[in-house]
Amino acid sequence: MMASAWFLDIYVVIIFLMVCQTGVGMLRGFIERIDSWYNAKKGTSLPFVGQAATAGTAVLASLFLAEIGLVDLILKGYVLFAWAYFLIYLLPLLIIGSRKIFLKNKSTIQKL
């Protein structure tokens, strides 16, 4: 039969390696973003110690987040992202947009 235990073991190993590869790729992308920001500010690449510190900080942050638990992390994360979306995107959009609408209408009325 094809559904032997070692097929399941191979499948789990492959999934584990894919998750590890995805994590390493995301961490490398994060370091590249920090490096490009540093290059724009300082005119030189981020030193190896800076890259190691960035990677170490990301790994420590992930270990800390793993202690919270997946369900609580998702619950708290969605609430945090909702508030961040409101504060970073919606609130400035409402304030600046309202000011522009009302100031534009005021100047139009004054010209008449």
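Quick note: structure is the one above.
Since the structure is predicted, the reported quantities are computational estimates derived from the model, not experimental observations.

The rules we used
- Residues numbered from 1 in each chain as written.
- Predicted model: local features only at pLDDT ≥ 70, side-chain atom pairs only at ≥ 80, totals over all residues.
- Heavy atoms only, no water.
- Helix = DSSP H or I, 4+ residues; strand = E, 2+ residues; numbered from the N terminus.
- Rg over C-alpha atoms; globule rule 2.2 N^0.38 Å.
- Buried < 20%, exposed > 50% of the residue type's maximum accessible area, 1.4 Å probe, protein only.
- Areas by Shrake-Rupley, 256 points an atom, 1.4 Å probe, with all protein chains shown as cover.
- Lys, Arg positive; Asp, Glu negative; His and termini not counted.
- Charge placed at Lys NZ, Arg CZ, Asp CG, Glu CD.
- Salt bridge = Lys/Arg side-chain N within 4 Å of Asp/Glu carboxyl O.
- Expected span 1.5 Å × (residues − 1).
- Phe/Tyr/Trp six-rings, centres within 6.5 Å; stacked < 30°, edge-to-face > 60°.

Engineer: Describe in detail the overall build of the protein, supporting the description with residues and values.
Structural biologist: Tallying secondary structure elements over the protein gives 3 helices and 0 strands in all. Reading the protein from its N end, one meets helices and strands in the order α-α-α. Relative to the 2.2 N^0.38 estimate, which gives 13 Å for 112 residues, the radius of gyration of the protein is 24 Å and therefore markedly larger than a compact globule would have. The C-alpha extent of the protein, read off along each of the three principal axes, is 85 × 45 × 30 Å. Among the 112 residues that make up the protein, the fraction classed as buried is 7%. Put simply, the protein shows about 10,000 Å² of open surface, and 75% of that area lies on carbon and sulfur atoms. Considering the protein, the positive charge centre built from 10 side chains and the negative charge centre built from 5 side chains are found 30 Å apart.

Engineer: An account of the pattern of salt bridges is needed here, citing residue identities and associated values.
Structural biologist: Taken as a whole and judged by the stated rule, the model has 1 salt bridge. With a shortest N-O distance of 2.6 Å, E32 and R28 are connected by a salt bridge. Of the two residues, E32 and R28 are both situated in helix 1 (residues 5–42); the distance of 4 residues between them amounts to about one turn of the helix. Since its relative accessible area comes to 37%, R28 is described here as partly exposed.

Engineer: Explain helix 1 residue by residue, including any values.
Structural biologist: With 38 residues, helix 1 should cover 56 Å at 1.5 Å per step; its first-to-last C-alpha distance of 55 Å lies within 8% of that length. G43 sits one or two residues past helix 1 and shows a positive phi near 85°.

Engineer: Just give me the short version of the packing of aromatic side chains, but keep the residues and values in it.
Structural biologist: Under the criterion given, the structure shown has 3 aromatic pairs. Ring geometry for W83 versus F86: centroids 6.0 Å apart, planes at 85°, classification edge-to-face. With W83 and F86 both in helix 3 (residues 70–111) and 3 residues apart, this pair spans about one turn of that helix. Taking relative accessible area as the criterion, F86 reaches 32% and is therefore assigned partly exposed.

Engineer: Report on the environment of V59, specifying residues and quantitative values.
Structural biologist: Along the chain, V59 turns up in helix 2 (residues 48–68). When its relative accessible area of 41% is taken as the criterion, V59 is described as partly exposed. Expressed as a C-alpha distance, the spacing of V59 and L27, which sit 32 residues apart in the sequence, is 8.9 Å.

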